[in-house]
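Structural overview
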Amino acid sequence: YENFLNSSPFAKPTPPREFRPRIASVIDKTIAPGESVSMTARAEDMNEDIGVPVFALENAPDGMSINPESGELEWATDKDIEPNKYESIVILTQKNNEDLRVEKTLAITIKLPNDAPEITLPEDAIAVLGREFILTVAAQDDGPTGNLKYSLEGDENPEGMAFDEDGNILKWTAPRTFTPGEYSVKVKVTDG
């Protein structure tokens, strides 16, 4: 009664706080075969007065696990695992609260390490003034060679020299007014 007398009858009671539980610190990753994934899921904006958060996994690949109390997620992949995208669902529930269930999809992509392509070029090539010069550039890569992109680097390349639409054939017709001499041309290949 004393609290009632000391409080203002015109004061509006504070509305109860609305919680919006969510899972944080779970992010998609890309790794190579044989590497490990380690992260800790956290529960945010949750009323822990009701109960502690509990974590679980659904559709997890073999060997992936999560600590139900701490949220520590671990997955050590084998060196011979097939490169692919592996998805699982991280689930957040709460003790003493059957209605709470929050899900977050986690995607781990396994990719093979990518080696740089290697170009095979002759030490030198001769272009004749007024005639078309054609040079086929060969390159090896650990992926499909159809994905290779060829280009000229630097700004000292002779004007008009370019790769054709097929991508690996260098073409140039030296104008009759071009000064004869030795010129270096830098060819670049990328695999995307």
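The sections below set out a description of the structure shown in this document. (Residues numbered from 1 in each chain as written. Predicted model: local features only at pLDDT ≥ 70, side-chain atom pairs only at ≥ 80, totals over all residues. Heavy atoms only, no water.)

Take the overall build of the protein chain next. Check the secondary structure of the protein chain and you find one helix and 16 strands. Oriented by its inertia axes, the alpha-carbon framework of the protein chain measures out at about 105 × 50 × 20 Å. Evaluated residue by residue, the protein chain yields a buried proportion of 29% over its 192 residues. Long-range pairs, those at least 24 residues apart, make up 62% of the contacts in the protein chain with a sequence separation of at least 6. Only carbon and sulfur atoms are counted for the fraction: they give 47% of the accessible area of the protein chain, which is about 13900 Å². Taken together, the 18 basic and 36 acidic charged side chains of the protein chain have centroids lying 6 Å from each other. (Helix = DSSP H or I, 4+ residues; strand = E, 2+ residues; numbered from the N terminus. Buried < 20%, exposed > 50% of the residue type's maximum accessible area, 1.4 Å probe, protein only. Contact = heavy atoms within 4.5 Å. Areas by Shrake-Rupley, 256 points an atom, 1.4 Å probe, with all protein chains shown as cover. Lys, Arg positive; Asp, Glu negative; His and termini not counted. Charge placed at Lys NZ, Arg CZ, Asp CG, Glu CD.)

Attention now moves to unusual backbone geometry. Residue Asn-59 is not a glycine yet carries a positive backbone phi of 55 degrees. Tracing the backbone shows Asn-59 in the loop between strand 5 (53–58) and strand 6 (65–66). For Asn-59, a relative accessible area of 58% translates into the label exposed. Its identity is not glycine, yet Asn-96 carries a phi of approximately 70 degrees, on the positive side.

Judged by pairing direction, the sheet is mixed, and its four strands sit side by side in the order 2-9-8-5 without closing on themselves. Two strands bound the open sheet, and with one partner strand each, they are strand 2 (29–31) and strand 5. For this sheet the average axis-to-axis angle between neighbouring strands, irrespective of direction, equals 30 degrees. Note: strand 5 against strand 8 (residues 85–94), six bridges, orientation antiparallel. (Pairing = 2+ DSSP bridges. Axes fitted to C-alpha atoms, helices over the stretch in contact; angles between N-to-C directions.)

The subject of this paragraph is the sheet that holds strand 14 (residues 162–163). Reading across the sheet, the three strands line up as 11-15-14 and stay open at both edges, with antiparallel pairing between neighbours. Each edge of the sheet is formed by a strand with only one pairing partner; in this case those strands are strand 11 (132–136) and strand 14. Here strand 11 pairs with strand 15 (residues 169–173) via five bridges, running antiparallel. In the sheet register, Phe-133 faces strand 15, and the bridge partner there is Trp-172.

Let us now look at the packing of aromatic side chains. Per the stated rule, a full pass over the model turns up four aromatic pairs. Where Trp-172 meets Phe-178, the ring centres are 5.1 Å apart and the plane angle is 80 degrees; that geometry is what we call edge-to-face. Here Phe-178 falls in the partly exposed class, since its relative accessible area comes to 21%. Measuring from centroid to centroid gives 5.1 Å for Phe-178 and Tyr-183, while their planes differ by 55 degrees, and the two rings are tilted. Tyr-183 gets classed as partly exposed once you look at its relative accessible area, which sits at 42%. (Phe/Tyr/Trp six-rings, centres within 6.5 Å; stacked < 30°, edge-to-face > 60°.)

The subject of this paragraph is the side chain of Gln-94. With respect to the helices and strands, the residue Gln-94 is situated in strand 8. Its relative accessible area of 7% is what places Gln-94 among the buried residues. Separated by 2.8 Å, the side chain of Gln-94 and the backbone oxygen of Gly-51 make a polar contact. In this structure the side chain of Gln-94 is engaged in a polar contact, spanning 3.1 Å, whose partner is the side chain of Asn-97. In this view, Gln-94 contacts Met-46, Asn-47, Glu-48, Ile-50, Gly-51, Val-52 and Leu-100; residues no more than four positions away in its chain are not counted. (Polar contact = N/O pair within 3.5 Å; in protein donor to acceptor, adjacent residues only side chain to side chain.)

Pairing analysis gives three bridges linking strand 2 to strand 9 (residues 97–110), with the strands arranged parallel. Within strand 9, the position partnered with Lys-29 by the bridge is Ile-108. As paired elements, strand 8 and strand 9 share nine bridges and run antiparallel to each other. Directly across from Tyr-86, in strand 9, lies its bridge partner Ile-108. Here strand 8 hands over to strand 9 after two residues, with Asn-96 in that stretch at a positive phi of 70 degrees.

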